[in-house]
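Chain by chain, the residues:
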Amino acid sequence: MQLPQEFGDFALLLRAGFDKKKALGWNLLSGMLSVLGAIVGCAVGSVDNAEPWILMFVAGTFLYVGLVRLPFDWHN
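Just so it is clear, the model here is predicted, and its values are computed rather than measured.

Calculation rules
- Residues numbered from 1 in each chain as written.
- Predicted model: local features only at pLDDT ≥ 70, side-chain atom pairs only at ≥ 80, totals over all residues.
- Heavy atoms only, no water.
- Axes fitted to C-alpha atoms, helices over the stretch in contact; angles between N-to-C directions.
- Helix = DSSP H or I, 4+ residues; strand = E, 2+ residues; numbered from the N terminus.
- Parallel < 35°, antiparallel > 145°, perpendicular 65-115°, else oblique.
- Left-handed = near helix turned anticlockwise from the far one by under 90°.
- Contact = heavy atoms within 4.5 Å.
- Nonpolar A, V, L, I, M, F, W, Y, C, P; charged D, E, K, R; others polar.

**Regarding the packing of helix α1 (residues 3-15) against helix α2 (residues 20-45)**
Relative orientation and spacing of two packed helices are given, respectively, by the angle between their axes and the distance between those axes. Between α1 and α2, whose axes approach to 9 Å, the crossing angle comes to 135°. Judged by the angle between their axes, α1 and α2 are oblique. Crossing geometry of α1 relative to α2 is assigned as right-handed. In this structure, α1 contributes Glu6, Asp9, Phe10, Leu13 and Leu14 to the contact, and α2 contributes Lys20, Ala23, Leu24, Trp26 and Asn27. In the contact of α1 with α2, the residues fall into six nonpolar, one polar and three charged.

Laid out in structure tokens, this is it:
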């Protein structure tokens with residue numbers, strides 16, 4: 001169930017300085033965009049030979065998100 005995740009996102013937005021109305025709005029927008037992403041993913045996934053391209057895009061996105069926050073001053 002996704003409800004604990006939504007509560008956590010809402011609490012994180014409140015902690016970041018959003019007021020309750022704005023935090024709820026951004027959380028709702030995030031949920032709606034994820035549904036839109038699922039619909040687009042299902043539509044693109046039904047295209048022949050699209051799977052390797054989808055997997056490449058998703059893997060690249062995960063790598064980017066994971067690596068963008070790493071500190072690059074390891075040698076110091």
